[in-house]
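Spelled out, the chains give:
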Amino acid sequence: MILNKVLLGGRVSLDPELRVTQKGTAVCNFSVAYNPPPRRNASGAKVDVPAVFIPCVLWGKSAETFVSRFKKGSAVFLDGTLKQDEFIHKEAKVAIRTNVVSVALFQRPKVTNLNFCKVFISGSVTQKPELRTLTKGRATPLKISNLAIVHFPMPYKDASGAEVEQERILMDCTCFDQDATNVAQYLDKLQHVLVEGVFYAHEQKIHGLPKPRKTLRIGVESVKFLKRETSDAGSARGAAQQNPAAQHTGDNSDLAGVGAGVGNGQGKPGELDEDVPF
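Residues numbered from 1 in each chain as written. Predicted model: local features only at pLDDT ≥ 70, side-chain atom pairs only at ≥ 80, totals over all residues. Heavy atoms only, no water.

Asker: Mind showing me how you'd approach the overall build of the protein chain here?
Answerer: Within the protein chain one finds three helices and 16 strands. Within the protein chain, the proportion of its 278 residues that are buried is 45%. Contacts in the protein chain between residues at least 24 apart in sequence constitute 72% of all its contacts with a sequence separation of at least 6. If you sum the accessible surface of the protein chain, you get close to 15,100 Å²; carbon and sulfur atoms cover 50% of it. (Helix = DSSP H or I, 4+ residues; strand = E, 2+ residues; numbered from the N terminus. Buried < 20%, exposed > 50% of the residue type's maximum accessible area, 1.4 Å probe, protein only. Contact = heavy atoms within 4.5 Å. Areas by Shrake-Rupley, 256 points an atom, 1.4 Å probe, with all protein chains shown as cover.)

Asker: Sorry if this is basic, but what is going on with the pairing of strand 1 (residues 4–12) here?
Answerer: Working note: regular strand, side chains alternate between the two faces of the sheet. Taking burial as the measure, the nine residues of strand 1 include seven buried ones, the bulk of the element. Pairing geometry for strand 1 and strand 3 (residues 26–34), over two bridges, is antiparallel. Following the sheet pairing, arginine 11 is matched in strand 3 by alanine 33. (Pairing = 2+ DSSP bridges.)

Asker: Sorry if this is basic, but what is going on with the packing of aromatic side chains here?
Answerer: Here the structure, examined in full by the defined rule, presents four aromatic pairs. Each ring, one from phenylalanine 30 and one from phenylalanine 66, has its centre 4.2 Å from the other, and the planes form 25°; the classification is stacked. On the criterion of sequence distance, the pair formed by phenylalanine 30 in strand 3 and phenylalanine 66 in helix 1 (residues 60–69) is long-range, its members being 36 residues apart. Per residue, the accessibility class of phenylalanine 30 equals that of phenylalanine 66, and both read buried. Taken together, a centroid distance of 5.1 Å and an interplanar angle of 85° make the contact between phenylalanine 66 and phenylalanine 106 edge-to-face. Pair noted here: phenylalanine 66 is in helix 1 and phenylalanine 106 is in strand 8 (residues 95–107), with a separation of 40 residues, a long-range link. Every member of this aromatic cluster is reached through a ring pair, and the members are Phe30, Phe66, Phe70 and Phe106. (Phe/Tyr/Trp six-rings, centres within 6.5 Å; stacked < 30°, edge-to-face > 60°.)

Asker: Even after reading the chapter, I still don't get the state of the cysteines, so can you show me in this structure?
Answerer: Two cysteines joined by a covalent bond between their sulfur atoms form a disulfide. For the structure shown, the criterion picks out zero disulfides. Among the cysteines around cysteine 28, which has no disulfide bond, cysteine 56 carries the closest sulfur, lying 9.3 Å off. The exposure class of cysteine 28 is buried, given its relative accessible area of 0%. Judged by its relative accessible area of 1%, cysteine 56 falls in the buried class. (Disulfide = S-S within 2.5 Å.)

Asker: Please clarify how the pattern of salt bridges should be interpreted in this entry.
Answerer: Pairing between side chains becomes possible if they bear opposite charge and their charged atoms approach one another. All chains considered together, the criterion is met by five salt bridges. Linking aspartate 79 and lysine 5 is a salt bridge whose minimum nitrogen-to-oxygen distance equals 2.9 Å. With aspartate 79 in strand 7 (residues 75–88) and lysine 5 in strand 1, this residue pair connects regions lying 74 residues apart in the sequence. The network of salt bridges with common partners includes Lys118, Glu196 and Glu221. (Salt bridge = Lys/Arg side-chain N within 4 Å of Asp/Glu carboxyl O.)

Asker: Mind showing me how you'd approach helix 2 (residues 177–186) here?
Answerer: Helical periodicity: at 3.6 residues per turn, an α-helix aligns residues three or four positions apart in one direction. Of the residues making up helix 2, those classed as buried are Asp179, Ala180, Thr181, Asn182, Val183 and Ala184. For helix 2, the secondary structure elements touched by its buried residues are strand 10 (131–134), strand 11 (142–151), strand 14 (169–176) and strand 16 (213–225).

Asker: Explain the environment of valine 195 here, please?
Answerer: Looking at the secondary structure, you find valine 195 in strand 15 (residues 192–204). By relative accessible area, valine 195 is classed as buried at 0%.

Asker: So what exactly am I meant to see when it comes to unusual backbone geometry here?
Answerer: The phi angle of most residues is negative, glycine excepted, and most peptide bonds adopt the trans form. Of note, the phi angle at aspartate 177 is positive, near 50°, even though the residue is not glycine. Among the secondary structure elements, aspartate 177 is positioned in helix 2. Exposure remark for aspartate 177: the relative accessible area of 23% places this residue in the partly exposed category. Positive phi, normally seen in glycine, also occurs at leucine 190, with a value near 80°. Secondary-structure assignment places leucine 190 in the loop between helix 2 and strand 15.

Asker: Explain the side chain of serine 31 to me, please; I cannot follow it from the model alone.
Answerer: Relative to the helices and strands, serine 31 is located in strand 3. At 2.3 Å, the side chain of serine 31 forms a polar contact with the side chain of serine 13. With near-sequence residues (within four places) excluded, serine 31 lies in contact with Arg11, Val12, Ser13, Ile54, Pro55 and Cys56. (Polar contact = N/O pair within 3.5 Å; in protein donor to acceptor, adjacent residues only side chain to side chain.)

Okay, here's the thing in structure tokens:
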């Protein structure tokens, strides 16, 4: 099973920008603001979580239509897939990955206060997850496990009918509380899984840059074992072995209040074996 899907509802944070590539294709870049549900702090009181600004892209006629119908503050519902752009930072001279939602469908919702986010992505575990416990500033310790997966999208056919391989996606995810314990205990490198969760903003420290960069991670709500398909088994195995760096690079200091209602054993994980809790 190969799955990559993003459902997103929120408001356009800035006026969409339309540009044209050298080949004459219209491209629209914009971002959608999603407000995660309130969390509980160390004392148990509910506090608001900062909005997450999710970068999106549209191509062709869809891009032109979007620019003509939507502007800053417009409510929008999107159906798309997770893509990854990579560029070399001029100062740090390092490759930086940026997560982007490639939009397939969009519409103006009837409900103006729509606020929704759901991500589904399958892939192979690149490293065995490790269980950690955050205690700083918390009355109740928070258990977390960082889960890194590599996803290989299905190839597509170009104008000539030839199959074109798409770039792999290296995605960082975080599990909380009981889900974190389960993942650290039962998952191992190269196992094929389906992750369901929501986007949240994470500050990633990159060597050579003075300030952390904000990037999108997935706050995991459920994990399910999958049977790896023969077609992508070899490539997934090779990528996981050759790219051990596809793992968490932050210190999780921004997770002090994350976990209430995201993961923490409240999801509905799929079951494959009776002795495995997800």
